[in-house]
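Structural features, examined
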Amino acid sequence: MLETDSTPTPERLTIGVAGIVDPAHAPVPTNDAERFVFRQVFETLVRLDCAGVVRPGLAESWQVDDDGRQWTFTIRSDARFSDGTPATGQGIADSWTRRVGPLPGGTPVFTISGRELTVRLSQPVTARLFAAPGLAVTRPVEGSDWPVGTGAYAADTSGGRVTVAPFGATGRPVLVLRPSGGGDERDLLDAGIDLLVTDDPSALGYARSRPEFTMVALPWERRYVLAVPGGSVSLDSTVLVGLARDALRVEARPSSGIPWWADPGAVACGVAPPPGAPPLGVGTSIVALVYPAEDAVARDLAGRLVALGIGGAPRALGLAAPDFSAALSSGGATGYVLPLPAVTLEACGALRLLIARVPWLADDAARHLTPLVESRRRAIVRRGGAAFTVEWDGTLRVR
Amino acid sequence: MTFRTRILLATVPVVLVPLVVFGLGVRRAMRQQIAGQYRGRMTALVDLIGQDLERQGSLLATRLARLRETAVQDNRFRLAAVTRDTSQRGYALDYAGTAMRTAGLDMLQIQDDSARIISSGHFRNEFDRLERGLPQLLPTAPNGVALVQARTPEGPFFALARLDSLPLGSRRFTIVGGFAVDSGFLARLARDSAVSVSLSLPHAMLSSRAATAGGGSRDEVVSELPVPFIDETQPDSARLVQARLLVATPLTGLRDLQGTVDQWFVIAVLATLLVSVVLASWLASRLSRPLAELAGKTAEINMDRLDVEFGSDGTDEVGALERLLGQMTERLRAGTVRLREVERRAATGELARQVNHDVKNGLAPLRNVLRHLAQIARDRPAELPKVFAERRQALVSSLNYLESLAANYAKLSPPPETQRCDVNTVTRETVEQLPMGAAELSLELADGVGTAKIDAIALRRILENLVSNAVEAMGDQSGVVTVSTAHGGDEGGGASNAIRVVVEDTGKGMTESELERAFQDFHSTKPGGVGLGLSIVRRLVTDAGGRLRVETSPGAGSRFIVEVPAEEGTA
């Protein structure tokens, strides 16, 4: 939990996040701004805190039977959608049926009894699965771009500005989003912003020199890997330490532990390349170390790897997101510096999504992916503002 | 080859050769002038490029000196560089990047005394790489400036670099800074979009054309400038070599200009050729026409046709030649008359001698018989009948011989072959061509006179003689010579099958004795005259089966009436 001074909660908070909020994506975010907004507006049955501990969400309690195949959730008694209608077990079942296909544990079978919702699956799952953003409860509203959720806030993007306002007499502040990224984030701090999530060393250094701000390290959220289509690359710890310490200007550490794509459970879930996947090395003639151009960490990593001659790539090549996706899928380059989530709620599903994106990983993802570093950002929070909760993926939620 | 063709062939080279020589000279001078201006421009441009490179080197030196002063004052950098304080390592790694941008450089790297890169502005993460070539070779380059190939994560680029030293503590660091040499840099050196500057390196080629639009035309190198280049292709054997800055231009403007000069030169030659041909044709025609006419007249001259007139008022050589030919023709005409007379007299004498001989042969028996009969009549008159009877046959034989002789001689004069001519046509053509002197010509040709049985030449000569005599008969006095034709014989309705041609003058006329002498051969009243005119006229008229009459009286002029047989069927 991130809690600043115990001064009265202001009526309005200005939040600096990168990206544009599109209601059509709700409730699954595609960028930081959507992740922040969706997390305020929509709820999952349970949530994970920054330590990975499962906490109550829309469900105040839950029971698991049959070795994880049957889950019974008790819906919070005050759970309501932002339009005032109660959030019932049927409403949750309708939301999943409308938007969500089979879960990793199979197609869910719902049993509703009062505030209790029983979900029956064919395969056992953990409670973490029900914290996945995709399982957030929504309900479409006719005539509105935004579906309603059961969170403490309702979003409004009319007038070209994103405003996230609390509903009901909660005493919560109104959240106003200001896009960050692309410019000097120190200007945001000078402009009176209340919360800024960043890894920019200049902004962090500037905030450190300003007493009205405090900073909190967020979880290691991103793991950079070297993806080599033709085989694998082995890097000793000295190189990894050097990468994390000297090559990057953000807070980073050498990648450690078993990554989720190498988790035996994930490997055993039986992923296979999708039908019609292009053969390896077809579709591009790029022979370089390719990275997403908008990612400064990936750029620095690629530059250092080229300088060290690792992977044999003569140069680094930054590609815009669509081109990078196409190049990554084709596997025609010498190597790719690829940012991936450091943690995932459900490794098997995440690996399946990764292989759909990078078909040539299907034969052995662990062999082709060499972990490089993990990075994290920090939250710069104005003292005297609201209290935030840091969740498992580094998302802040207003308490 | 005709005289006209020769004039044409002679005129064309006479006009063209000087013109072509002149044009080629002008063309050569213009091409040299234009090419010289181009060369001068390119030389000046190369000088400017050299000065620009020197300025860039000086600017680099100034900026590196300022960077050095700033770095010396920076304690954090000193900590990182000298004491290798790991807490300041990030600062040191980012130092060159910040300094490079601040100094307006495109390349900057700071190396320690072992040539290891401790901070790189253009390739931040290239730290710790050994780079021995630049610290060793850059100071040896002329003016301390050379082209180098710098590295970035995205690939190499070329830079114009120089080196400065950075003393920190007891160590001496080096600062290598530079400006990127890319197509934009070369385009700025070129200044003019029509000129391209290329950098020729041992393993690469860079051109300003990539930075300028409209580089479709093919450039040609017009000048080059050596630039030192540190070649680090082999990692451990860097060397200082010579690269070349190539100044090129399409030369299309120059070639277009030269082409225009050539084009107008060809046009001028063709125009002059055309004018000269036209002029030569006109000149040749003007020169050759009188000669051709003269040749035509000369071709008509022969022994039977000496009436061709050569007369010219021209004062040039052709006129003089025509007059000489006229005089020659006159002499030839006179000589021909004399020759014919001599021939006629010789033939007449021969004939007379033959006739004399034959007649004598025929008369001799007659004389002998007559002398015998005279002797008998004188001595024996009684026997005269008897002797006469005896000698009568001899007389008859002699007479028969003489008759036969006369008949045979008559056969020697064959009847002339009769020719026909249109009297009015011949009369008009002949008379109108004759010189009339002070006399006035009156031509009265009756309609439908028709064709006469006389050769046209004969009639022509008749008329020429009669009209000439008529003109001469008036001397210097003015008068009228009337030439008329009519159908019919004697005036007042003579023989209808004859055509009458009358030449009448108003001159001095002739007495009867003068008229008799006028028809005698070799009688002339004119100085230098031959005296055959009227004799010839009478003979020609007689030969044609016609007749000639003269009506004249002193002071009343003369009237010569020629009647020739008309062609049958003529009205």
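Attention here is on the structure that accompanies the text. (Residues numbered from 1 in each chain as written. Chains lettered and ligands numbered in written order. Predicted model: local features only at pLDDT ≥ 70, side-chain atom pairs only at ≥ 80, totals over all residues. Heavy atoms only, no water.)

Along chain B, the regular secondary structure elements total 12 helices and 16 strands. Relative to its full complement of 571 residues, chain B shows a buried share of 39%. Here chain B displays about 31200 Å² of accessible surface, and carbon together with sulfur accounts for 55% of that area. (Helix = DSSP H or I, 4+ residues; strand = E, 2+ residues; numbered from the N terminus. Buried < 20%, exposed > 50% of the residue type's maximum accessible area, 1.4 Å probe, protein only. Areas by Shrake-Rupley, 256 points an atom, 1.4 Å probe, with all protein chains shown as cover.)

Turning our attention to unusual backbone geometry. Following alanine 26 of chain A, the chain continues to proline 27 of chain A via a peptide bond in cis, the omega torsion being 5°. Relative to the helices and strands, proline 27 of chain A is located in the loop between strand 1 (12-18) and helix 1 (32-41). Even without being glycine, arginine 84 of chain B reaches a positive phi, approximately 55°. As for its position among the elements, arginine 84 of chain B is in the loop between helix 2 (75-83) and helix 3 (89-103).

This brings us to the sheet that holds strand 4 (residues 59-65) of chain A. Residue and element names in this part refer to chain A. Judged by pairing direction, the sheet is antiparallel, and its four strands sit side by side in the order 4-5-7-6 without closing on themselves. Where the open sheet ends on each side, the last strands, each with one partner, are strand 4 and strand 6 (109-113). Along the sheet, successive strands turn relative to each other by an average axial angle of 20°, direction set aside. Pairing of strand 5 (residues 70-75) with strand 7 (residues 116-120), which is carried by five bridges, proceeds in the antiparallel orientation. (Pairing = 2+ DSSP bridges. Axes fitted to C-alpha atoms, helices over the stretch in contact; angles between N-to-C directions.)

We now examine the interface of chain B and chain A. Frequently, the measure chosen for interface size is the accessible area removed from exposure when the parts meet. Chain B puts 13 residues into the contact, and the matching count from chain A is 14 residues. For the pair chain B and chain A, the summed buried area comes to about 1100 Å², and 45% of that belongs to carbon and sulfur atoms. Here chain B and chain A share two salt bridges between them. Measuring nitrogen to oxygen at the nearest pair gives 2.7 Å for the salt bridge that ties arginine 89 of chain B to aspartate 246 of chain A. Of the residues forming the side of chain B that touches chain A, the biggest block, three residues, is contributed by helix 3 of chain B. Residues belonging to the side of chain B that touches chain A are distributed by class as follows: four nonpolar, two polar and seven charged. (Contact = heavy atoms within 4.5 Å. Buried area = accessible area lost by both parts, 1.4 Å probe. Salt bridge = Lys/Arg side-chain N within 4 Å of Asp/Glu carboxyl O. Nonpolar A, V, L, I, M, F, W, Y, C, P; charged D, E, K, R; others polar.)

This paragraph deals with the nonpolar core. Membership of the largest hydrophobic core comes to 39 residues, with the highest contact counts inside it found for Ile454, Ile462, Leu466, Val467, Val481, Val503 and Val562 of chain B. Going through the elements one at a time, helix 9 (423-433), helix 10 (456-473), strand 13 (480-487), strand 14 (498-505), helix 12 (533-543), strand 15 (547-552) and strand 16 (558-565) of chain B are the ones with two or more residues in this core. The biggest single contributor to this core is helix 10 of chain B, with eight residues. Residues in contact with valine 481 of chain B, not counting those within four places in the same chain, are Met436, Ala439, Glu440, Leu441, Ser442, Val467, Ala470, Val471, Met474, Val503, Glu504 and Asp505 of chain B. Ranked by size, the runner-up nonpolar core spans 29 residues in total, among them Ile15, Val197, Val381 and Leu396 of chain A. (Core = buried A, V, L, I, M, F, W, Y, C linked by side-chain atoms within 4.5 Å.)

Quick look at a nonpolar patch on the surface now. Residues and elements named next belong to chain B. On the surface, a cluster of nonpolar side chains totalling about 500 Å² of accessible area is made up of Phe3, Leu279, Trp282, Leu283 and Leu287. A per-element tally of the nonpolar patch places helix 6 (residues 252-300) first, with four residues. For leucine 279, the position within the fold is in helix 6. The exposure class assigned to leucine 279 is exposed, which follows from its relative accessible area of 52%. (Patch = residues over 30% accessible without salt bridge, like charges linked within 9 Å, V, L, I, M, F, W, Y side chains within 5 Å.)

Right, let's talk about the environment of alanine 127 of chain A for a bit. Residues and elements named next belong to chain A. The residue alanine 127 is located in the loop between strand 7 and strand 8 (138-139) in this model. Spatially, the C-alpha atoms of alanine 127 and valine 64 are 8.6 Å apart, while their sequence positions differ by 63 residues. Every residue in contact with alanine 127, bar those within four places of it in the chain, is listed here: Val46, Val54, Trp62 and Trp71.

Time to look at the packing of helix 5 (residues 237-247) of chain A against helix 7 (residues 296-308) of chain A. All names here are of chain A. Viewed as axis vectors pointing N to C, helix 5 and helix 7 meet at an angle of 130°, and their least axial separation amounts to 11 Å. Put simply, helix 5 runs oblique to helix 7. For the pair helix 5 and helix 7, the sense of crossing is right-handed. Counted together, Val239, Leu243 and Ala247 of helix 5 and Asp300, Leu301, Arg304, Leu305 and Leu308 of helix 7 form the full contact between these two elements. (Parallel < 35°, antiparallel > 145°, perpendicular 65-115°, else oblique. Left-handed = near helix turned anticlockwise from the far one by under 90°.)

All names here are of chain B. Topologically, aspartate 112 is positioned in the loop between strand 1 (107-111) and strand 2 (117-120). The class of aspartate 112 is buried, set by a relative accessible area of 7%. Polar contacts involving the side chain of aspartate 112 include one to the main-chain amide nitrogen of arginine 116, which spans 2.8 Å. (Polar contact = N/O pair within 3.5 Å; in protein donor to acceptor, adjacent residues only side chain to side chain.)

This next bit is on the pattern of salt bridges. Residues and elements named next belong to chain A. Counted under the stated rule, the structure contains 53 salt bridges over all chains. Of the charged contacts, one joins glutamate 391 and arginine 47 as a salt bridge, the two residues approaching to 3.8 Å between their closest N and O atoms. Here glutamate 391, found in the loop between strand 22 (388-390) and strand 23 (396-398), pairs with arginine 47, found in strand 2 (residues 46-48); they are 344 residues apart in sequence, far enough to count as distant. Note on glutamate 391: relative accessible area 3%, which makes it buried. By relative accessible area, arginine 47 is classed as buried at 19%. For aspartate 83, the salt bridge goes to arginine 139, with nearest N and O atoms at 2.2 Å. Of the two residues, aspartate 83 sits in the loop between strand 5 and helix 2 (89-99) while arginine 139 sits in strand 8, which places them 56 residues apart along the sequence. On the basis of relative accessibility, which here comes to 38%, the residue aspartate 83 falls in the partly exposed class.

With that settled, consider the packing of helix 1 (residues 3-73) of chain B against helix 3 of chain B. Residue and element names in this part refer to chain B. One can describe the packing of helix 1 onto helix 3 by two numbers: an axis separation of 11 Å at closest approach and a directional angle of 135°. The orientation of helix 1 relative to helix 3 falls into the category oblique. Judged by the twist between their axes, the crossing of helix 1 over helix 3 is right-handed. Here helix 1 contributes Arg63, Leu67, Thr70 and Ala71 to the contact with helix 3, which in turn contributes Tyr95, Ala99 and Ala103.

Successive residues of a regular strand alternate their side chains across the two faces of the sheet. Residue and element names in this part refer to chain A. Taken across its seven residues, strand 1 has five buried, putting it largely inside the fold. Summarising the sheet, strand 1 and strand 12 (residues 174-180) pair through seven bridges and their orientation is parallel. Within strand 12, the position partnered with threonine 14 by the bridge is valine 176. Examined bridge by bridge, strand 1 and strand 13 (residues 195-198) share two bridges and lie parallel to one another.

Moving on, we get to the environment of phenylalanine 167 of chain A. Residue and element names in this part refer to chain A. Along the chain, phenylalanine 167 turns up in the loop between strand 11 (163-166) and strand 12. Look at phenylalanine 167 and you get partly exposed, because its relative accessible area is 24%. Apart from the residues lying within four places of it in its own chain, the contact partners of phenylalanine 167 are Arg80, Phe81, Ser82, Gly151, Ala152, Tyr153 and Ala154.

So, on to the pairing of strand 10 (residues 153-156) of chain A. Residue and element names in this part refer to chain A. Where burial is concerned, the two faces of strand 10 differ: the one with Tyr153 and Ala155 is buried and the one with Ala154 and Asp156 is not. The sheet contact formed by strand 10 and strand 11 spans four bridges and is antiparallel. Within the sheet, the bridge partner assigned to aspartate 156 lies in strand 11 and is threonine 163. If you look at the hairpin formed by strand 10 and strand 11, you'll find six residues sitting between the two strands, and glycine 159 has a positive phi there, around 80°.

This part covers the environment of serine 397 of chain B. All names here are of chain B. Structurally, the position occupied by serine 397 is in helix 8 (residues 384-411). Judged by its relative accessible area of 36%, serine 397 falls in the partly exposed class. C-alpha of serine 397 to C-alpha of proline 365: the two residues are 32 residues apart in sequence and 8.9 Å apart in space.

Attention now goes to the sheet that holds strand 15 of chain B. Backbone-to-backbone hydrogen bonds pair the strands of a sheet. The strands run either parallel or antiparallel. Residues and elements named next belong to chain B. With mixed pairing, five strands are arranged side by side in an open sheet as 11-13-14-16-15. Edge positions in the open sheet fall to strand 11 (440-445) and strand 15, since each of these has one partner strand only. Each strand of the sheet is rotated relative to its neighbour by a mean of 15°, with strand direction disregarded. Together, strand 11, strand 13 and strand 14 form the strand contacts of helix 9, whose direction differs from that of strand 11 by roughly 170°. Sheet strands in contact with helix 12 are strand 15 and strand 16, and its direction is about 140° off that of strand 15.

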